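An overview of the molecular structure
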Protein chains: 2
Amino acid sequence: MENLIRFGEKFFDELEIAVYCSREVSANVELNEISMASTRSGALTIIRGIKDKRLGLAIVDSDEQEKVKEAIEQAAKMAKLNSPDETWVSLPEPGKYREKPKPNYELKEASPDILVEKLVRGIKLAREKDKNAVVAGGASGVSWEERHVLNSHGLDVFQEGGAAYMYLELVGRKGSVVTPGIFDFDARRDLDLDVEGVVERAVQKVGWAYNVVTSKNEEVPLVFGPWAIAGLFSYALLPAFSGERLVKETTPLAGKVGEKIASEVITLYDDPLHPLSLEPLIADGEGVPTRKNVLIENGTFKGFVWDNYWAKVYGTESTGNGKRDLRSGGINIGFHSVVIENGKRSLEDIVGEIDRGYLVDGLQGAHSSNPDNGNFAVTANPAFLIEDGEVKGSAVFLIAGNVYELLQQASEVSREQTVMPFMNTMITPHIKFENVKIAGK
Amino acid sequence: MENLIRFGEKFFDELEIAVYCSREVSANVELNEISMASTRSGALTIIRGIKDKRLGLAIVDSDEQEKVKEAIEQAAKMAKLNSPDETWVSLPEPGKYREKPKPNYELKEASPDILVEKLVRGIKLAREKDKNAVVAGGASGVSWEERHVLNSHGLDVFQEGGAAYMYLELVGRKGSVVTPGIFDFDARRDLDLDVEGVVERAVQKVGWAYNVVTSKNEEVPLVFGPWAIAGLFSYALLPAFSGERLVKETTPLAGKVGEKIASEVITLYDDPLHPLSLEPLIADGEGVPTRKNVLIENGTFKGFVWDNYWAKVYGTESTGNGKRDLRSGGINIGFHSVVIENGKRSLEDIVGEIDRGYLVDGLQGAHSSNPDNGNFAVTANPAFLIEDGEVKGSAVFLIAGNVYELLQQASEVSREQTVMPFMNTMITPHIKFENVKIAGK
């Protein structure tokens, strides 16, 4: 690839070549049966070149020398047609990287067979444990990715690794009750997907869901589960930490570094090298070293995250949060593994102390949240009624509020942490929020 | 491929192999500049095999003999693990096909250069015609697809062809007014994309949008443009024609064949061989001959559309509406080119007769429509006020209603027809609806 950088320097002042080779095997479930097994692999090369502050960007789905050369020429033609971006500074210089985690090579050659076998076992187990349950959907997959990014400043980073996931969606029918779709997940960097755990947790929630109770307008403690937290925070909170939004004046966190924006139990950071992370990257999408970036420490807002472009526009340094968008080829500010620190007591202990409240498993409508101010309006579904320290049934209700007000109401985080491979990977405990206003439905 | 059918017959009672080879070049616009040029190509083979009514489905992104053999074995293993589908009848038999349209081979080897050049010309032209306009976004692409489907009943169909598209999104700023994003489109089976037409129509609409008027609650004639029609009908109306929904009792059209469900000006059919169609296919995703399927003729509902599976479950014949989902590998009931027949008079004549009403260019929220009953609630934006036969300004308002009631209110269709490459390709005139209740916003 280095000779291609030399080739590209004929056309550009600066040049970046990023090569992504990936392989993904997966299998899907529909209505108790395996509906599909799939093997896909491919290469993608993205050229970013700058000439007189004019940007050219070309994508080709190959890593062959000749095709990459064509893409470089394509990018050069494009740069000529564009106007200069006067705010452009430069591509990143090489940095100091942390030690690369050892990839798990058994993930590289995984066969769909092993996933089909796990899903079949999960379906069988779920239907044995609950004769009224249907495995409405589900999937399991193993992905492997090799990333090579290099630029004309001598930056050159190669990384590889993989992860596996599975989820099942159960629906129970008993008498006239049809439960909502109940999901459970596992995701990790090896093939030992916890089929039994996924089934056990899902079946337990289906069992709770058979007893449908009516919700009412009230102010109660809510314990949010990982799926609900990942949904709400991904849309209402995380975008606010983006340095691009600071520059564009679309974050409510502007000028608030050092201020308390959450209760003391909340510590939140981004770190791809967390032990549970699914992508332990030492460099981001443009080759800048990743690091642990603390966003909230014991309730205090610590700072923004940046990619190379917006950091230089603002006059600061990239925090290693440049994520590559493989559709557009561009770099956006994003997160690697968002971690919410866990607490000391178990979820069971936390629930055991609640006289009346709800365990919120899933949220609908979180994608309509407004990250400009943190406002959200969601439907809690599935959600489970807690009375006298025990889960008693399931209910649906509305929560309309503001994510920063909610963060101030956090009173405890559970010991258990779960990996949610959502839009962003989130590693999160359950969080208890006090006195949350809900509207019965 | 035929030897692979023989190979697969060792494992299955029936077997289908579908091979998709595609190439797509595209270029994108962001804020007056070309942001990306891309070239992607690939092959995908999907195996559907049935043994003792047990289905196996495997996908591999290759058309190489050895990889396809592996996928066949993968599908065979899966079929063994699944339970029988007692409603399964059989894969389709070969049919009588219409004459294949001649593919336009200039689309097969198109370079992104030509698209970049067209977009640059579009940007330049738009900014010349309206100094206050920004080309906020846009894209142009050329796709080429080769489809080969064959099965163990002797069905064997190869088809190839391509299409090109472009769209621009303009935003105008004048004084304190910032217009909404104003879109215009072109899509066709050759490279002569109508850059001038796209720009002219978009700039005209931006010009109208500078004069913002307040909307109020009233009952007025509305003229829906192609983009609004494609949005609303794709979500609220078209799913109701699916035979699967007839079997599952989730269509309001059950038992209504021969009834009047729209005003007489509405004739709607699906036909991939319409001259303006972007994919002139003689066979659907499972090799069944396509045909012209009339859905509504002068207001009268003529019947449902079917794929092979649901037709046989119901005891009828496939109408050639089996569409392949390349993600799941499965076949769903869908449409090729939905055509709404045009009328005699021009849009200008129709608008010229309106004392007070609106031209509705785009709708927001159509995806939340309910196809089970036709109910919808949308925001008309951009929409343009018509007074005394002329467009006077732009407004935003709400329309909540039922698509079947709306269809009864249709009073005229324009002479001009436009191709909308939306979820389904739709070829549609403007439609005038009388006395539509709108809510000011």
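Residues numbered from 1 in each chain as written. Chains lettered and ligands numbered in written order. Predicted model: local features only at pLDDT ≥ 70, side-chain atom pairs only at ≥ 80, totals over all residues. Heavy atoms only, no water.

Residue and element names in this part refer to chain B. Read across the open sheet, the six strands follow the order S11-S10-S9-S14-S21-S20; overall the sheet is mixed. Strand pairing shows two members of the sheet lacking a second neighbour, strand S11 (300-301) and strand S20 (418-421), which therefore form its edges. Alignment of strand S9 (residues 268-270) against strand S10 (residues 293-297), held across three bridges, turns out to be antiparallel. Directly across from leucine 268, in S10, lies its bridge partner isoleucine 296. Its contacts with the sheet place helix H5 (residues 226-237) against S9, strand S14 (337-340), S20 and strand S21 (425-428), and it is angled at close to 125 degrees to S21. (Pairing = 2+ DSSP bridges. Helix = DSSP H or I, 4+ residues; strand = E, 2+ residues; numbered from the N terminus. Contact = heavy atoms within 4.5 Å. Axes fitted to C-alpha atoms, helices over the stretch in contact; angles between N-to-C directions.)

To continue, consider the relation of the copies chain A and chain B. Superposition record for chain A on chain B: RMSD 0.0 Å, screw rotation 180 degrees, translation along axis 0.0 Å. This pairing of chains is accounted for by a two-fold axis. Scanning chain A for the C-alpha nearest the rotation axis identifies glycine 42 of chain A, at a separation of 4.4 Å. In this assembly, 100% of the residues forming the interface of chain A have copies in chain B that are likewise at the interface, indicating an isologous arrangement. (Least-squares fit on C-alpha atoms with pLDDT ≥ 70 in both.)

What follows covers the nonpolar core. Core analysis: the largest hydrophobic core is formed by 61 residues, its most contacted members being Leu222, Phe224, Phe233, Phe241, Leu268 and Ile399 of chain B. Composition of this core by domain shows at least three residues from each of domain 1 (1-209) and domain 2 (211-439) of chain B. Excluding its chain neighbours within four sequence positions, the residues that come into contact with leucine 222 of chain B are Tyr358, Val360, Phe397, Ile399, Ile431, Lys432, Phe433, Val436 and Ile438 of chain B. One finds Phe183, Ala230, Phe397 and Val403 of chain A within the second-largest nonpolar core, a separate group that totals 57 residues. (Core = buried A, V, L, I, M, F, W, Y, C linked by side-chain atoms within 4.5 Å. Buried < 20%, exposed > 50% of the residue type's maximum accessible area, 1.4 Å probe, protein only. Domains from an automatic or database assignment.)

All names here are of chain A. Taken domain by domain, chain A consists of domain 1 (1-209) and domain 2 (211-439). A separation of 22 Å is found between the C-alpha centroids of domain 1 and domain 2. Between domain 1 and domain 2, the residue contacts involve 43 residues of the former and 46 residues of the latter. Here domain 1 and domain 2 share an interface that buries about 3,500 Å² over both sides, 62% of which is from carbon and sulfur atoms. Looking at the side of domain 1 facing domain 2, the largest losses of area belong to Arg98, Arg189 and Trp208, adding up to 21% of the total buried there. Our enumeration of links across domain 1 and domain 2 arrives at five salt bridges. (Buried area = accessible area lost by both parts, 1.4 Å probe. Salt bridge = Lys/Arg side-chain N within 4 Å of Asp/Glu carboxyl O.)

Once that is clear, we can look at the sheet that holds strand S14 (residues 337-340) of chain A. All names here are of chain A. Taken in spatial order, the six strands line up as S11-S10-S9-S14-S21-S20 in an open sheet, and their pairing is mixed. On the outer flanks of this sheet lie strand S11 (300-301) and strand S20 (418-421), each paired with one strand and no other. The sheet contact formed by strand S10 (residues 293-297) and S11 spans two bridges and is antiparallel. Bridging across to S11, glutamate 297 finds its partner in threonine 300. Helix H5 (residues 226-236) rests against strand S9 (268-270), S14, S20 and strand S21 (425-428) of the sheet, and its axis sits at about 130 degrees to S21.

Now for the environment of serine 26 of chain A. All names here are of chain A. Residue position: serine 26 is located in strand S1 (residues 14-30). A residue is classified by how much of its surface remains accessible, and serine 26, at 10% relative accessible area, is buried. Separated by 13 residues in sequence, serine 26 and threonine 39 place their C-alpha atoms 6.7 Å apart. Dropping the residues within four chain positions of it, serine 26 is found in contact with Met36, Ala37, Ser38, Pro112, Leu115, Ser140, Gly141 and Tyr165.

Before going further, it helps to examine the interface of chain A and chain B. Taken together, the contact pairs 28 residues of chain A with 29 residues of chain B. Between chain A and chain B, a total of about 2,500 Å² is buried, with carbon and sulfur atoms accounting for 44% of that surface. Linking chain A with chain B are two salt bridges. Residues lysine 77 of chain A and aspartate 113 of chain B are paired through a salt bridge, measuring 2.4 Å at the closest nitrogen-oxygen approach. Linking chain A with chain B are 22 residue pairs in polar contact (both at pLDDT 80 or more), by the criterion used here. Breaking the side of chain A that touches chain B down by element, the ones donating at least two residues are strand S2 (33-51), strand S3 (54-60), helix H2 (65-81) and helix H3 (112-129) of chain A. Here the side of chain A that touches chain B gets ten residues from one element, more than from any other, and that element is S2 of chain A. Considering only residue class, the side of chain A that touches chain B consists of 14 nonpolar, eight polar and six charged. (Polar contact = N/O pair within 3.5 Å; in protein donor to acceptor, adjacent residues only side chain to side chain. Nonpolar A, V, L, I, M, F, W, Y, C, P; charged D, E, K, R; others polar.)

This paragraph deals with the UniProt feature "domain: Metalloprotease TldD/E N-terminal" (unreviewed entry) in chain A. Under the UniProt annotation, the feature "domain: Metalloprotease TldD/E N-terminal" (unreviewed entry) is placed at residues 20-79 of chain A. Regarding residues 20-79 of chain A, the helix share stands at 25% and the strand share at 62%, and the terminal C-alpha atoms are separated by 23 Å. (UniProt positions renumbered as here; feature names shortened; annotations may be inferred.)

On to helix H4 (residues 195-209) of chain B. Residues and elements named next belong to chain B. The terminal C-alpha atoms of H4 lie 21 Å apart, and with 15 residues this matches the ideal 21 Å at 1.5 Å per residue to within 8%. Buried residues of H4: Val195, Gly197, Val198, Val199, Ala202, Val203, Lys205, Val206 and Ala209, and no others. Looking at the buried residues of H4, the elements they touch are helix H3 (112-129), strand S5 (156-174), strand S6 (177-178), strand S7 (182-188), strand S17 (375-387) and strand S18 (390-402). (Expected span 1.5 Å × (residues − 1).)

Going through the model one piece at a time under the given rule, you end up with 30 aromatic pairs over all chains. Geometrically, the ring pair formed by tryptophan 208 of chain A and phenylalanine 384 of chain A is edge-to-face, given 5.1 Å between the ring centres and 65 degrees between the ring planes. A residue pair is termed long-range when its members are at least 10 positions apart, and tryptophan 208 of chain A in helix H4 (residues 195-209) and phenylalanine 384 of chain A in strand S17 (residues 375-387) qualify at 176 residues. A relative accessible area of 1% means that phenylalanine 384 of chain A is categorised as buried. Taking the centre distance of 6.2 Å and the plane angle of 35 degrees together, the rings of tyrosine 167 of chain B and phenylalanine 185 of chain B count as tilted. Highlighted residues: tyrosine 167 of chain B in strand S5 and phenylalanine 185 of chain B in strand S7, separated in sequence by 18 residues. By relative accessible area, tyrosine 167 of chain B is classed as partly exposed at 27%. Through successive ring pairs, a cluster of aromatic residues spans Tyr167, Phe183, Phe185 and Trp227 of chain A. For the cation-ring pair, lysine 69 of chain A lies above phenylalanine 7 of chain A, with the distance from its terminal atom to the ring centre recorded as 5.0 Å. (Phe/Tyr/Trp six-rings, centres within 6.5 Å; stacked < 30°, edge-to-face > 60°. Lys NZ or Arg CZ within 6 Å of the ring centre and 35° of its normal.)

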